[in-house]
Amino acid sequence: MSMKHFLLIGLLTVAPPAIAEEEGDGKSLMQQGAELFLRGLTEQMEPAIDDLKALTEDMGPQMLEFFSEMGPAFGELIDEVEDWSIYEAPEVLPNGDIIIRRKPDAPVEESEEGIIEL
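Residues numbered from 1 in each chain as written. Predicted model: local features only at pLDDT ≥ 70, side-chain atom pairs only at ≥ 80, totals over all residues. Heavy atoms only, no water.

Undergrad: I would appreciate a short explanation of the confidence of the model for the chain in the present structure.
TA: Caution applies to low-pLDDT regions: their predicted coordinates should not be interpreted in detail. Per-chain confidence: the chain averages 76 in pLDDT, with 71% of residues scoring 70 or above. When mean pLDDT is compared element by element in the chain, strand β1 (residues 91–92) scores highest at 93, while helix α1 (residues 3–20) scores lowest at 53. (pLDDT = per-residue confidence, 0-100. Helix = DSSP H or I, 4+ residues; strand = E, 2+ residues; numbered from the N terminus.)

Undergrad: Is there a simple way to think about the pattern of salt bridges in this case?
TA: Side chains carrying opposite charge are able to pair once their charged atoms draw close together. Taken as a whole and assessed by the stated rule, the structure comprises 2 salt bridges. Residue E35 is joined to K27 by a salt bridge in which the shortest nitrogen-to-oxygen separation is 2.9 Å. What makes K27 partly exposed here is its relative accessible area of 30%. As a salt-bridge pair, R101 and E91 come within 3.1 Å of each other at their nearest N and O atoms. Of this pair, R101 sits in the segment after β2 (98–99) while E91 sits in strand β1, placing them 10 residues apart in sequence. Using a relative accessible area of 41% as the deciding quantity, one classes R101 as partly exposed. (Salt bridge = Lys/Arg side-chain N within 4 Å of Asp/Glu carboxyl O. Buried < 20%, exposed > 50% of the residue type's maximum accessible area, 1.4 Å probe, protein only.)

Undergrad: Could you clarify how one ought to interpret a nonpolar patch on the surface in this entry?
TA: A surface patch of nonpolar side chains, about 1100 Å² in accessible area, is lined by L52, L55, M59, M63, F66, F67, M70, F74, L77, I78, W84 and I100. For I78, the position within the fold is in helix α2 (residues 29–80). (Patch = residues over 30% accessible without salt bridge, like charges linked within 9 Å, V, L, I, M, F, W, Y side chains within 5 Å. Areas by Shrake-Rupley, 256 points an atom, 1.4 Å probe, with all protein chains shown as cover.)

Undergrad: Explanation requested: a negative patch on the surface in the structure shown.
TA: There is a patch of like negative charges on the surface, built from E76, D79, E80, E82, D83 and E109. For E109, the location among the structural elements is in the segment after β2. The class of E109 is exposed, set by a relative accessible area of 52%. (Lys, Arg positive; Asp, Glu negative; His and termini not counted. Charge placed at Lys NZ, Arg CZ, Asp CG, Glu CD.)

Spelled out as structure tokens, the structure:
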């Protein structure tokens, strides 16, 4: 065995007892570390979450109206399309139309009569 293997085995046998040590409040060092990590992450994300809240408050009514008008059409589209991975991202044309193009390398499906459905 190499020195690396001995060090790894040593760490694996010594680390679990150190991880399981408990402080006065009954939490292991791992639990305390996880709590500190999550607290720090939450503090870092707080400004972004506040911005998102403001955005939803500003756009909420418009989004609700959009989904109430367009929801049924989107539902039909979702039911119609079996594999979204063969389509490119939606594109807005200069006239305002929105199109979703099939990727050039996507397989072409034919109907029973041999006619390609568009």
